[in-house]
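# A closer look at the structure
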Amino acid sequence: MPSGYPPMRTRLSPRQTAETVSWSRREFLHAATGAAAATALFALAPVPALASPRGRKVLVVTFGGGARDEETFMPDGQENIPHLLTELIPRSTFFTQVVNHGILGHYVATASLATGVYETFNNFAAVPPDHPTVFEYFRRDLKRPATDTWVVAPSNGFNRIGESGERSYGHGAGVVLPKRLLAAALSSGATLEYQHLLRDNYETPLYAPEISGNEVELPQLADLLKLSVTDFTAHARNLASPDELSVYVAKELMRQLAPSLLWITLHDMDVAHAGCYSLYIEGIQRTDRLCAEIWKAVESNPEYAGKTTMFVLPDFGRDSDLDASGNGFQHHRTGDALSRTTWMMVMGPGVRENVVVDRPVQSLDLVPTLGALLGFSAQFAQGRPLTEVT
Ligand SMILES: [Zn+2]
């Protein structure tokens, strides 16, 4: 158990560990932001009326790929997430105990978040999720066009995440792979100066996914976004990381197409696999800043301001320092309770601000919650809508 947690009895069960992590997050948040427990508030205040689903928009941002509490919510980590602590959490309902019982690989875990079912396919295979995605439920039930939902994904391996292999569905989200777009835009001589933006996968250099799926090609995207390829590469030159490139593309999508359901998967912090702690910390700090930037883009865009609910949640955590079978922050291989006990913040119209929910929920609850908010039925999803925010 990491030293920053309160003293615990010797060996805790996964459930006890999750409860302790949840308790710590609540206490630290209470100290840092004055957040109150939801149970106390619910007893006092009636549920506020939510804005009408008409015109409502939803952004899902994954705070990926894998941060621990030591570097985020614990006292020593809080300096890495100033934007979450001072700008976003005070406006959010914050779930302290979101447990992920699935496979801890980034693509399969993110796909599970998007289907509401623990997907079991090989993380390193270019396959679609087995169960319908949130994008398919959204489009089929609400009769939405292809331009109304998008995924901006961090690596080529995510190119099939937009729609499942389930035959009765099949019309999902367009997937934008910013690194692939950038690579396509560059002449072979120019790729060297963009290397820091092009690295595709932090976990295994051997992984070279086959590209075929619903991903969008460069000329098509340039056309949709009214963006010249020259402007795109010129802008990319000033960006520090792949996640900055993803957020740049996401903001362009918001400006030009204003999709109602936009999913942005951040991934910079997974550079931790290389074993360099300072790069991992930089990744967390950048993710913190980018989450606040995304919310600013919401508030400054009339298509989104006042009618957007934003969900921010990690795909999962990383290994603890004290688990002998792992190597601390570097990987997420032990499957221990700490790396499975994540969190989620929800903000937007009708969502209670500066409130903490302690009860255990699952990462699978995201899709049914989005269904309750947007008005579609996530019929294959195994989670439950989170009543605190619907
Ligand atoms: Zn990883």
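Structure: see above.
Residue numbers restart at each chain and count upward from 1, following the sequence in its written direction. pLDDT decides what is reported in this predicted model: residues at 70 or higher carry local features, side-chain atom pairs at 80 or more are listed and counted, and totals for whole chains, interfaces and linings draw on all residues regardless. The basis for every side-chain value is the complete set of heavy atoms in the structure, and neither hydrogens nor water enter the calculation.

Helix and strand definitions here come from DSSP, where helices need a minimum of 4 consecutive H or I residues and strands a minimum of 2 consecutive E residues; each element is numbered from the N-terminal end. When helices and strands are counted, the protein chain shows 13 helices and 10 strands. A compact globule built from 390 residues would reach a C-alpha radius of gyration of about 21 Å, and the protein chain, at 20 Å, matches this within 12%. Counting only C-alpha atoms and orienting by the principal axes, one finds that the protein chain spans roughly 60 × 50 × 40 Å. Each residue's exposure class comes from its accessible area (1.4 Å probe, protein chains only) as a fraction of the maximum for that residue type: buried when under 20%, exposed when over 50%, partly exposed otherwise. Residues counted as buried form 59% of the 390 residues belonging to the protein chain. Sequence separation of at least 24 residues holds for 75% of the intrachain contacts in the protein chain that already meet a minimum separation of 6. Where accessible areas are quoted, they stem from the Shrake-Rupley method and a 1.4 Å probe; at the residue level, only the protein chains shown are allowed to cover. Accessible surface computed for the protein chain: about 15,400 Å², of which carbon and sulfur atoms make up 52%. Charged residues are defined here as Lys and Arg on the positive side and Asp and Glu on the negative side; His and the ends of the chain fall outside this count. The atom standing in for a charge is NZ when the residue is Lys, CZ when it is Arg, CG when it is Asp and CD when it is Glu. Charge centroids of the protein chain, computed over 33 positive and 42 negative side chains, lie 5 Å from each other. Based on C-alpha atoms, the radius of gyration is set beside the globule rule, defined as 2.2 Å times the residue count to the power 0.38. Residue contacts are defined here by distance: any two heavy atoms, one from each residue, within 4.5 Å place the two residues in contact.

On to the coordination of the zinc ion. Any N, O or S atom lying within 2.8 Å of the metal counts as a donor, and for Na, K and Ca the limit rises to 3.2 Å; water is left out, so some sites can look incomplete. On the protein side, the zinc ion has His-106 (NE2), Asp-270 (OD), Asp-270 (OD), His-273 (NE2) and His-332 (NE2) as donor atoms, found 2.0 to 2.5 Å from it. Within one chain, the residues donating to the zinc ion are spaced in sequence as H-x163-D-x2-H-x58-H. Across this residue pair, the class does not change: Asp-270 and His-273 are buried.

To continue, consider the environment of Trp-23. By secondary structure assignment, the location of Trp-23 is in helix 1 (residues 14-33). According to the relative accessible area criterion, Trp-23 is partly exposed, its value standing at 40%. Taking the C-alpha atoms as reference points, Trp-23 and Leu-85, separated by 62 residues in sequence, lie 17 Å from one another.

Every axis corresponds to a line fitted to the C-alpha atoms, with the helix fit spanning only the stretch in contact, and the corresponding angles, defined between N-to-C directions, vary from 0 to 180 degrees. The geometry of helix 6 (residues 178-185) relative to helix 9 (residues 229-236) is characterised by a closest axis approach of 10 Å and an angle of 115 degrees between their N-to-C directions. Of the possible angle classes, the one that applies to helix 6 and helix 9 is roughly perpendicular. Crossing hand, helix 6 versus helix 9: left-handed. On helix 9, the residues touching Pro-178, Leu-181, Leu-182 and Ala-185 of helix 6 are Val-229, Phe-232, Thr-233 and Ala-236. Looking at the contact of helix 6 with helix 9 residue by residue, the class counts come to 7 nonpolar, 1 polar and no charged. An angle below 35 degrees is treated as roughly parallel, one above 145 as roughly antiparallel, one from 65 to 115 as roughly perpendicular, and anything else as oblique. When the near helix sits turned anticlockwise from the far one by under a right angle, the crossing is termed left-handed; a clockwise turn instead gives a right-handed crossing. Polarity classes work like this: nonpolar for Ala, Val, Leu, Ile, Met, Phe, Trp, Tyr, Cys and Pro, charged for Asp, Glu, Lys and Arg, and polar for all others, with Gly in that last group.

A few words on the environment of Arg-11. In this fold, Arg-11 is placed in the segment before helix 1. Arg-11 gets classed as exposed once you look at its relative accessible area, which sits at 80%. Arg-11 sits 212 residues away from Asp-223 along the chain, and the two C-alpha atoms are 57 Å apart.

Take the side chain of Asp-243 next. Tracing the backbone through its elements, the reader meets Asp-243 in helix 10 (residues 242-256). Basic side-chain nitrogens of Lys or Arg form a salt bridge, by our definition, when they fall within 4 Å of a carboxyl oxygen of Asp or Glu. Salt bridges are absent for the buried Asp-243, whose nearest opposite-charge side chain, Arg-286, sits at 5.9 Å. Excluding its chain neighbours within four sequence positions, the residues that come into contact with Asp-243 are Thr-265, Leu-266, His-267, Asp-268, Thr-287 and Leu-290.

What follows covers the nonpolar core. By convention a nonpolar core is built from buried Ala, Val, Leu, Ile, Met, Phe, Trp, Tyr and Cys residues, the set being connected through side-chain atoms within 4.5 Å. Phe-63, Phe-73, Leu-84, Leu-182, Phe-232, Leu-262 and Met-310 are the most contacted members of the largest nonpolar core, which totals 62 residues. Here this core takes 9 residues from helix 11 (residues 277-299), the largest share from any one element. The residues touching Phe-232, leaving out its near neighbours within four places in the chain, are Pro-178, Leu-181, Leu-182, Ala-185, Leu-218, Leu-227, Leu-245, Tyr-248 and Val-249.

Once that is clear, we can look at the environment of Gln-362. Considering the arrangement of structural elements, one finds Gln-362 in strand 10 (residues 361-362). Those residues in contact with Gln-362, other than ones at most four positions away along the chain, are Val-98, Val-99, His-101 and Tyr-118.

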